[in-house]
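This is what each chain is made of:
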Amino acid sequence: MSMDAFLNDAAGGLGAEHVNTADETLVRYGENTMPGGDRRPAAVLYPGSTEEVAALVRLANLHRVALFPTSTGNNMGLGTRSAPAAGMAVLDLGRRMNRILEIDEKMGFAAVEPGVSFQMLADELKRRGGQWMNSTTSGPPQGGMIGNALDKGAGYGPYFDHFGFSCGMEVVLGTGDVIRTGDGSIEADNLVNWHVSKYSFGPILDGLFAQSNYGIVTRLGVWLLPRPPAIRSFHFAFPDDSDLEEIVELCRPMKMSNFVPTLFRVANDLYLIGSEVPSPAYAASGGRKSISDDARKALQREHGLGAWTVSGAFYGPSMEAMEPQVQRVVGHFCASGKATYIPHEEAMEKPALACAVASFSGEPTNTELGLLKWRPGGGNAWFTPGTPMDGRTANEFQKLGRAIYEANGLDYQVMNVAGPRFARGLHVISFNREDPDECARADAAYRALADAFYARGVAVGRAPVDWQDFHMDKLMPSFRDACAAIKRALDPNGVIAPGRYGIY
Amino acid sequence: MKTAFTAAQLAEPEIAAADGILRTCVHYGFCTAVCPTYVLTRDENEAPRGRIDLIRAMLERGGRPDAKTVGHIDSCLSCNACMTTCAVDVDYLHLADIARAYIEENYRRPLSDQFVRRLVSRTVTDPARFARMTALARLARPVRALLPGRLRTLVDLAPAGLPPRRDFAGVHPAEGARRMRVALLQGCVQQALAPEINAATVRLLTRHGIEVVVPPEAGCCGAFTLHMGKADMARAAAARNVDAWHAELDVGGLDAVIVNASGCGTVVKDYARLLAEDPARREKAAAVAAIARDVTELLAPDDLKLPETAVPLTVAYHDACSLQHAQKIRGRPRALLRAAGFAVRDVPEGHFCCGSAGAYNMLQPEMAEALGRRKATHIESTGAAAAAAGNLGCLAQLGRFTGLPMLHTVELLDWATGGPRPDALRDVALPEPVARKQTVAPTGAPGAPPPAPPPDAPSDASSGGSTGAAIW
């Protein structure tokens, strides 16, 4: 293995200006928000095309060096743009491969390169007259659409499933070969079905490239939603932690029938309030204790939010036209007398709820990044188990999770993003990364949470870089063997991100 | 971020302030994606995160800064896009001010650099001197090729000519019953370069029942010199304005101090901090800063006195960085323009600076030109017939790279409410006037929906926006 020889050859092909080994760059590309520390790479390279990516992969095979592709590097709480191990050569695809290759306003799709962010596509769609919207996360607006889709990221509207609503890829395999998936695999110049049909002849290979390290996706089709003339949200605040059981039971039929077109954001007090203000209780205990229930109640009153607050939205021709739907949902959620209805216009005055509305509207927003300052020191990890949409189970999981957070002196910040049958539980672990004790507690909490949820048959939706081996080890041996066998077939020298998602 | 200042260093107020800011940065790096200089160079030291580290090292080390650090601080636009996106609210604006003042005090620039910076700081802030230098630049134009590069840039940037000088000092009574009384910052270079902006502002405000007073003693706000690290000059300018406006506040009362150049507005709103160490003016500065408003903050869309018809000109609205990132004003100018009847288009990559940035386009011409061309392309891509912004610097910078008419927001609002057609629109074919739509009255019932937004509602309204995909 010779990284120097690889970089020398890479500079010859890309141009020296596209190979960066400056100390300050390498330090930054190794940084992340995890308790396990930074992972300094050997170099950062900026390919400009699929052909250049393929050439770099072939060079990596020749020199036996490990590559780590990243798009925009905004995978906050999951690893940022940090490789699984130090010493790899980062392929920063965001620098030059950030083109919106195609927008088809008749078929409603866009084809993008890895560097295209949610904000970039939203801006372009707006510039074209705003007839279409892309699903966005509530994370960084500059987050990459391909990276998010491949990591099984999600938004909140009808097209929330970013991998599910993608169609047609171009992929550089670990051998350096380039494939197009789906109808893109036809040897033709007029690939009219590449980004509109998922299920034509042959195996559906696309799934191989979600949460894996079998290839580098350099082009992806993403489906767009016609932007409705009006979007009207509704919100309900529930006073008690245990109300989660009732909430889940209320959400399920509304989603099962698709009466409500968006997912439900079922966020707890500290998730919403944490996006607005830092913890008022941190200093008193030096971060060693969870915030008290009394302090949480005070924050709920101050911010006009509940122990849980539910948000959803309708799409329609005008705000007035959606009044009957809103009244029906208000009647449904307020029937037991526990919920307080927060109408759209009132919610728009509350930043945490306005953020929800933006998310339903395909508008990238920075608001939720405020969660990153709940505790000082920049530590942040996301634990993302799910629950079936059964109220009692969801409540049991809440008690379980809350107890583990409290045992480790951390603050329980959770949003359940609820569909008809399943809700992903976005658990934020906020900690002071400059405090070794808090780092150790964050790591212990993450592992305890994962162990407890696995014991109940629940894995995570997305895994932070620190714990990907840990998660892979929880899976059945034959599944792990299959993953390794696919790796050997598509990337025999293991040059693409070895260890990413626990696959070697 | 951990810092390592000594107790002696922390005894200095500026170092203590810097330390407090530095400690909030945890290197998330959201700032990098929105920083124009990083996006164009991909150099970590050309991003806020890298600059923050350089500033920390410079201040901790003390003594004379190194040329590399100075270069990276000089190349920062102070557009503050990083502050809009920062998850932990790092106060980069003030950290950069502290760093620039430190450099000014402790770094010996090359003589040519000193000369140009001195020339710029003394010319742009004085309308009379600006006029003289403009005339001189006109004479130098035929021999520009013989000039050193830095001077050639200044000659190239100088306007071909200046409009007749107008001085708005004095009191401009409100038309009809007086609703408010405000002081207007007349500014420095704006007086010389674009007096029509102040004229439109005075007409617009007085037409809406607002008495406008322009104290003759007030002048440059200090922004130019502050961002060049010349803090003493900036404080002197601020002191002069605070004295003039506070005197008005005492005598006739003021509802607001109005600024129609957002770069200036950002600094005026920060006078309390700028003059915090001036015991004679500390409280006065705070009083003035507390009532400082951008001109678009003073009028609400419902306040506008509009005629029966509107000219539905399509206007691209450019968010000046100082307005959107520093003052956090994005929706109001759009709402006013829409209320006045204009069809407002957002500009793609709206968070990005146009490269004007005070003296930046004079001192960093290559980067400024790259950004100016990029922004102009985006503005033209909207298909608008004209572009509007709330800051003269942006208008002048973008005017170099696009043939579209560039107007200050108040010029359009003045025209729509009965003022003269702006000169910039003289040769533009205007759409036919249309009857103004009736405003939909809100129902007022508890929990009732708000009225539907107009078809091109601003992005920050987040309540819809399509012109109506057929499916809906």
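Residues numbered from 1 in each chain as written. Chains lettered and ligands numbered in written order. Predicted model: local features only at pLDDT ≥ 70, side-chain atom pairs only at ≥ 80, totals over all residues. Heavy atoms only, no water.

J.: Teacher, can you tell me more about the overall build of chain A here?
T.: When its secondary structure is counted, chain A shows 16 helices and 19 strands. Its C-alpha atoms give chain A a radius of gyration of 23 Å, near enough to 23 Å, the size a compact globule of 504 residues would have. In terms of its C-alpha atoms, chain A occupies a principal-axis envelope of roughly 70 × 55 × 40 Å. Nonlocal contacts in chain A, meaning residues at least 24 apart in sequence, comprise 75% of its contacts between residues at least 6 apart. For chain A, the accessible surface area stands at approximately 17600 Å², while carbon and sulfur atoms represent 54% of it. Here chain A holds 47 positive side-chain charges and 57 negative ones, and the gap between their average locations is 2 Å. (Helix = DSSP H or I, 4+ residues; strand = E, 2+ residues; numbered from the N terminus. Rg over C-alpha atoms; globule rule 2.2 N^0.38 Å. Contact = heavy atoms within 4.5 Å. Areas by Shrake-Rupley, 256 points an atom, 1.4 Å probe, with all protein chains shown as cover. Lys, Arg positive; Asp, Glu negative; His and termini not counted. Charge placed at Lys NZ, Arg CZ, Asp CG, Glu CD.)

J.: Which parts of the structure should I look at to understand the environment of R345 of chain B?
T.: Residues and elements named next belong to chain B. As for its placement among the helices and strands, R345 is situated in strand β8 (residues 343-346). Look at R345 and you get partly exposed, because its relative accessible area is 36%. Placed 30 residues apart in sequence, R345 and V315 show a C-alpha to C-alpha distance of 6.0 Å. Those residues within four positions of R345 in sequence are excluded, and the remaining contacts are T314, V315, A316, Y317, T382, G383 and A384. Of the polar contacts made by the side chain of R345, one reaches the backbone oxygen of T382; its length is 2.6 Å. (Buried < 20%, exposed > 50% of the residue type's maximum accessible area, 1.4 Å probe, protein only. Polar contact = N/O pair within 3.5 Å; in protein donor to acceptor, adjacent residues only side chain to side chain.)

J.: Whenever I open this one, the environment of R288 of chain A confuses me. Can you help?
T.: Residue and element names in this part refer to chain A. Relative to the helices and strands, R288 is located in the loop between α8 (282-285) and α9 (293-303). With relative accessibility at 57%, the residue R288 sits in the exposed group. C-alpha of R288 to C-alpha of A43: the two residues are 245 residues apart in sequence and 38 Å apart in space. In contact with R288, not counting residues within four places along its chain, are G409, D437 and R441.

J.: Looking at this structure, I do not really get the nonpolar core. What am I missing?
T.: Soluble, globular proteins show a tendency: their nonpolar side chains are buried together. Judged by nonpolar contacts, the single largest core of 66 residues is most densely connected at V120, L205, F342 and L412 of chain B. Of the residues forming this core, the biggest block, 6 residues, is contributed by helix α13 (residues 195-207) of chain B. Grouped together as the second largest cluster of nonpolar side chains are 55 residues, F238, V266, M389 and F431 of chain A included. (Core = buried A, V, L, I, M, F, W, Y, C linked by side-chain atoms within 4.5 Å.)

J.: Can you walk me through the sheet that holds strand β1 (residues 19-20) of chain A in this structure?
T.: Two orientations exist for strands paired in a sheet by backbone hydrogen bonds: parallel and antiparallel. Residues and elements named next belong to chain A. Taken together, 4 strands build an open sheet; the order of strands is β1-β2-β4-β3 and the sheet is mixed. At either margin of the open sheet sits one strand with a lone partner, and together these are β1 and β3 (67-70). Pairing between β1 and strand β2 (residues 43-45): 2 bridges, direction antiparallel. Note on β2: the bridge partner recorded for N20 is V44. (Pairing = 2+ DSSP bridges.)

J.: Help me understand the packing of helix α6 (residues 244-256) of chain A against helix α13 (residues 391-407) of chain A in this model?
T.: Packed helices, taken two at a time, are described by the angle their axes make and the gap between the axes. Residue and element names in this part refer to chain A. For the pair α6 and α13, the least separation of the axes is 7 Å and the interaxial angle reads 140 degrees. In terms of orientation, α6 and α13 fall into the oblique class. Every pair of crossing elements has a handedness; the one defined by α6 and α13 is right-handed. Residues L244, E245, V248 and E249 of α6 form the contact with α13, whose own contacting residues are G391, R392, A394, N395 and Q398. Here the residues of the contact of α6 with α13 are counted per class, giving 3 nonpolar, 3 polar and 3 charged. (Axes fitted to C-alpha atoms, helices over the stretch in contact; angles between N-to-C directions. Parallel < 35°, antiparallel > 145°, perpendicular 65-115°, else oblique. Left-handed = near helix turned anticlockwise from the far one by under 90°. Nonpolar A, V, L, I, M, F, W, Y, C, P; charged D, E, K, R; others polar.)

J.: Can you help me understand the pairing of strand β14 (residues 308-316) of chain A in this one?
T.: Consecutive side chains of a regular strand alternate in pointing toward one face of the sheet and then the other. All names here are of chain A. Here β14 lies mainly inside the structure; 9 of its 9 residues are buried. On β14, burial covers both faces: W308, V310, G312, F314 and G316 on one face and T309, S311, A313 and Y315 on the other are all buried. Note that strand β13 (residues 264-268) and β14 share 4 bridges and pair antiparallel. When the bridges of β14 are listed, V266 appears paired with V310.

J.: Please explain the interface of chain A and chain B as it appears in this structure.
T.: Tallying the contact residues gives 53 residues for chain A and 47 residues for chain B. Here chain A and chain B share an interface that buries about 4000 Å² over both sides, 53% of which is from carbon and sulfur atoms. A per-residue breakdown of the area chain A buries against chain B is headed by R28, R127 and E434 of chain A, which together make up 15% of the total. Linking chain A with chain B are 7 salt bridges. Between E31 of chain A and R49 of chain B there is a salt bridge; the shortest N-O distance is 3.8 Å. Along the contact surface separating chain A from chain B lie 13 residue pairs in polar contact (both at pLDDT 80 or more). Going through the elements one at a time, α2 (23-29), α4 (118-127), β12 (230-238), β14, α11 (344-347), α12 (351-360) and β16 (379-383) of chain A are the ones with two or more residues in the side of chain A that touches chain B. Here the residues of the side of chain A that touches chain B are counted per class, giving 18 nonpolar, 18 polar and 17 charged. (Buried area = accessible area lost by both parts, 1.4 Å probe. Salt bridge = Lys/Arg side-chain N within 4 Å of Asp/Glu carboxyl O.)

J.: What is the right way to look at the environment of D319 of chain B in this model?
T.: All names here are of chain B. Following the sequence through the fold, D319 ends up in the loop between β7 (314-317) and α20 (321-326). Remark: the alpha-carbon pair of D319 and G50, spanning 269 residues in sequence, is separated by 26 Å. Look past the residues within four positions of D319 in its chain and what remains in contact with it is Q324, I329, R330, R334 and G350. Side chain to side chain, D319 and R334 meet in a polar contact 2.6 Å long.

J.: Is there a simple way to explain the confidence of the model for chain B in this structure?
T.: Atom-level detail of predicted coordinates should not be read off regions where pLDDT is low. Summarising the model, chain B shows a mean pLDDT of 90, and 92% of its residues fall at 70 or more. Taken together, the stretch residues 439-472 of chain B has pLDDT below 50 and engages in 78 contacts with residues farther than four places along the chain or on a different chain. (pLDDT = per-residue confidence, 0-100.)

J.: Would you mind showing me how to read the pattern of salt bridges here?
T.: Side-chain pairs of opposite charge can arise whenever the charged atoms involved come near each other. Summed over the entire model, instances satisfying the criterion amount to 61 salt bridges over all chains. When the shortest N-O distance is used, the salt bridge between E363 of chain A and K126 of chain A registers 3.9 Å. Of the two residues, E363 of chain A is situated in the loop between α12 and β16 and K126 of chain A in helix α4; the sequence distance between them amounts to 237 residues. For E363 of chain A, a relative accessible area of 11% puts it in the buried group. Residue K230 of chain B is joined to E104 of chain B by a salt bridge in which the shortest nitrogen-to-oxygen separation is 2.8 Å. In this pair, K230 of chain B is assigned in the loop between α14 (223-227) and α15 (231-251) and E104 of chain B in helix α8 (residues 92-106), connecting sequence segments 126 residues apart. The buried category is assigned to K230 of chain B, whose relative accessible area is 14%.

J.: What exactly am I supposed to notice about the state of the cysteines here?
T.: Note: disulfide means a covalent bond formed between the sulfur atoms of two cysteine side chains. This structure, assessed with the given rule, holds 0 disulfides over all chains. The cysteine C334 of chain A is free of any disulfide, with C251 of chain A supplying the nearest cysteine sulfur at 13 Å. With relative accessibility at 24%, the residue C334 of chain A sits in the partly exposed group. For C353 of chain B, which is in no disulfide, the shortest distance to another cysteine sulfur is to C321 of chain B and amounts to 3.9 Å. By relative accessible area, C353 of chain B is classed as buried at 5%. (Disulfide = S-S within 2.5 Å.)

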